[in-house]
Amino acid sequence: MRACYRCLLWLHPPVFRREYAGEMLWIFDQSAESQGAATLFIDGIGSLARQWLLRSGWWKIALALSLAMLQIVFGGFATMIFGHRHFVEPAQDPSIVNVAEFAHGGSIGHQPLTVGIVMYLAVFITGGLTVMVIGLTLWMKSFAVRRRSALRKAS
Amino acid sequence: MTEDYTPFLPLSPAALHILLSLAGEDRHGYGIMQEVARQSEGQYKLGPGTLYDNLQKLMTQGLVEASPKPPAHDDPRRRYFRLTSFGRGVLSAEVARLESVIREARVHLRAPRRAT
């Protein structure tokens with residue numbers, strides 16, 4: 001169990017690991033019998049999640065990914081529900097995608113999936129993700145600046 | 001000038017217990033865990049992960065700082081922590097807030113129930 005706990009500590013962000021991992025392992029040795037090794041291990045998992053998701057800012061990327069997935073799911077539902085009303089005749093050559101029609105409400109529901117469509121979706125998703133990550137980072141930066149000035153005023 | 005502690009309130013249970021344990025004297029991590037268990041009569045037990053995660057946050061906020069050097073009789077590898085004067089102020093503000101909550105709760109629990 002000690003080796004598992006050591007691995008868990010190793011998975012923490014480097015800054016935290018350098019500062020506290022040694023003492024945490026020492027406390028694990030001291031209190032594993034009284035508190036139970038499993039309890040300490042679960043506590044370590046909680047700390048690992050908090051360190052990566054809350055303290056290191058990875059939550060921004062996780063949130064952006066979730067929002068992008070939500071966007072794709074809603075986009076898919078919208079296409080399923082409203083797509084058939086704006087059906088556009090497929091192009092003569094199925095490898096040719098009329099991007100202009102697609103962008104103006106045309107449906108891809110009855111068109112074969114071509115390389116063009118896949119590329120279009122890839123660009124759309126990557127663009128959406130980038131915009132969300134940049135937006136969230138800027139928003140968090142402004143939040144941090146406001147918080148810092150509030151703290152400075154308080155102290 | 002009176003300081004405004006409201007951005008830090010309310011404190012999380014872990015942060016409150018850590019600050020309380022450091023209010024009396026400087027302690028190392030394991031000492032904080034033992035003091036928290038003693039103060040809560042064993043009802044609240046901090047694990048090392050929760051402890052150091054919260055200590056890191058409290059140090060970033062300036063409520064706790066590393067003590068310059070451990071007492072002579074203790075292991076020099078152990079790091080000691082202490083409450084800053086700002087941290088003491090935040091702790092006092094939190095205790096005052098909790099007192100008003102308890103006062104309010106007592107008034108409401110004593111008052112007879114009115115039919116709606």
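The rules we used
Residues numbered from 1 in each chain as written. Chains lettered and ligands numbered in written order. Predicted model: local features only at pLDDT ≥ 70, side-chain atom pairs only at ≥ 80, totals over all residues. Axes fitted to C-alpha atoms, helices over the stretch in contact; angles between N-to-C directions. Helix = DSSP H or I, 4+ residues; strand = E, 2+ residues; numbered from the N terminus. Parallel < 35°, antiparallel > 145°, perpendicular 65-115°, else oblique. Contact = placed C-beta atoms within 7 Å. Nonpolar A, V, L, I, M, F, W, Y, C, P; charged D, E, K, R; others polar. Buried ≥ 20, exposed ≤ 12 C-beta atoms within 10 Å, placed from the backbone. Arc of directions from axis to C-beta. Core = buried A, V, L, I, M, F, W, Y, C linked by C-beta atoms within 7 Å. Pairing = 2+ DSSP bridges. pLDDT = per-residue confidence, 0-100.

A.B. asks: Where do I start with the packing of helix α1 (residues 2-10) of chain A against helix α3 (residues 37-55) of chain A in this structure?
C.D. replies: Helix packing for two helices is described by the angle between their axes and how far apart those axes are. Residues and elements named next belong to chain A. Closest axis-to-axis distance for the α1/α3 pair is 10 Å, and the angle between their directions is 10°. Between α1 and α3, the angle falls in the class roughly parallel. Between α1 and α3, the contacting residues are C4, Y5, L8 and L9 on the first element and L40, F41, G44, I45 and L48 on the second. Per-class residue counts for the contact of α1 with α3 are eight nonpolar, one polar and no charged.

A.B. asks: Sorry if this is basic, but what is going on with helix α2 (residues 29-39) of chain B here?
C.D. replies: Structural remark: α-helix, 3.6 residues per turn; residues separated by three or four positions point the same way. The set of residues buried in α2(B) consists of B:G29, B:I32, B:M33, B:E35 and B:V36. Buried residues along α2(B) cover an arc of 170° about the axis, so they all sit on one side. Contact partners of the buried residues in α2(B): α2 (14-35) of chain A together with α1 (13-24), β1 (27-28) and α3 (48-61) of chain B. Note on α2(B): the residue one or two positions beyond its end, B:E41, has a positive phi of about 55°.

A.B. asks: Help me understand the interface of chain A and chain B, please; the structure alone is not making it clear to me.
C.D. replies: Every contact between the two is made by 21 residues of chain A and, on the other side, 18 residues of chain B. The set of elements that each furnish at least two residues to the side of chain A that touches chain B consists of α2, α3 and α6 (115-154) of chain A. For the side of chain A that touches chain B, the residue count by class is nine nonpolar, eight polar and four charged.

A.B. asks: How should the nonpolar core be read in this particular structure?
C.D. replies: With 31 residues, the main nonpolar core has B:I18, B:L19, B:L22, B:L55 and B:V64 as its most contacted residues. Looking at which element gives the most residues to this core, the answer is α2(A), with five residues. Sequence-distant contacts of B:L55, defined by excluding residues within four places in its chain, comprise B:I18, B:V64 and B:F81.

A.B. asks: For this particular structure, what's the right way to read the environment of A:R55?
C.D. replies: Mapped onto the secondary structure, A:R55 falls in helix α3. For the pair A:R55 and A:P13, spaced 42 residues apart in the sequence, the C-alpha separation amounts to 9.5 Å.

A.B. asks: For this particular structure, what's the right way to read the pairing of strand β3 (residues 80-83) of chain B?
C.D. replies: Along any regular strand the residues' side chains alternate between the sheet's two faces. Residues and elements named next belong to chain B. Sheet analysis places β1 next to β3, joined by two bridges and oriented antiparallel. Residue R27 lies in a different strand from β3, and its bridge partner there is F81. Bridge count between strand β2 (residues 64-66) and β3: three bridges; the pairing is antiparallel. The residue bridging E65 from the neighbouring strand is R82, located in β3.

A.B. asks: What exactly am I supposed to notice about the confidence of the model for chain A here?
C.D. replies: Confidence in the prediction of chain A, expressed as mean pLDDT, is 76, and 74% of residues score 70 or more. The secondary-structure element of chain A with the lowest mean pLDDT is helix α5 (residues 99-103) of chain A, recorded at 56, while α1(A) shows the highest, at 90.

A.B. asks: Please clarify how unusual backbone geometry should be interpreted in this entry.
C.D. replies: For residues other than glycine, phi is negative in most cases, and the peptide bonds are mostly trans. Residue and element names in this part refer to chain B. Looking along the chain, the bond that leaves L9 and enters P10 is cis, with omega of -5°. Within the fold, P10 resides in the segment before α1. Within the chain, E41 stands out as a residue other than glycine whose phi angle is a positive 55°.

A.B. asks: Sorry if this is basic, but what is going on with the packing of α3(A) against α3(B) here?
C.D. replies: Two numbers describe how α3(A) lies on α3(B): the axes approach to 7 Å, and their chain directions differ by 30°. In terms of their interaxial angle, α3(A) and α3(B) are classed as roughly parallel. Contacts between α3(A) and α3(B) involve A:L40, A:D43, A:G44, A:G46, A:S47, A:R50 and A:Q51 from the first element and B:P48, B:G49, B:T50 and B:D53 from the second. Classifying every residue of the contact of α3(A) with α3(B) gives two nonpolar, six polar and three charged.

A.B. asks: What should I look at first to understand the environment of A:L121 in this one?
C.D. replies: Tracing the backbone through its elements, the reader meets A:L121 in helix α6. Along the chain, A:L121 and A:I72 lie 49 residues apart, while their C-alpha atoms are 9.7 Å from each other.

A.B. asks: Sorry if this is basic, but what is going on with the sheet that holds β3(B) here?
C.D. replies: Sheet strands line up and pair through hydrogen bonds in the backbone, either parallel or antiparallel. All names here are of chain B. Strand order in the open sheet formed by three strands is β1-β3-β2, with antiparallel pairing between adjacent strands. Unpaired on one side and paired on the other, β1 and β2 mark the two borders of the sheet. Across the sheet, α1 lies against β1, β2 and β3, angled at about 90° from β3, the strand it touches most.

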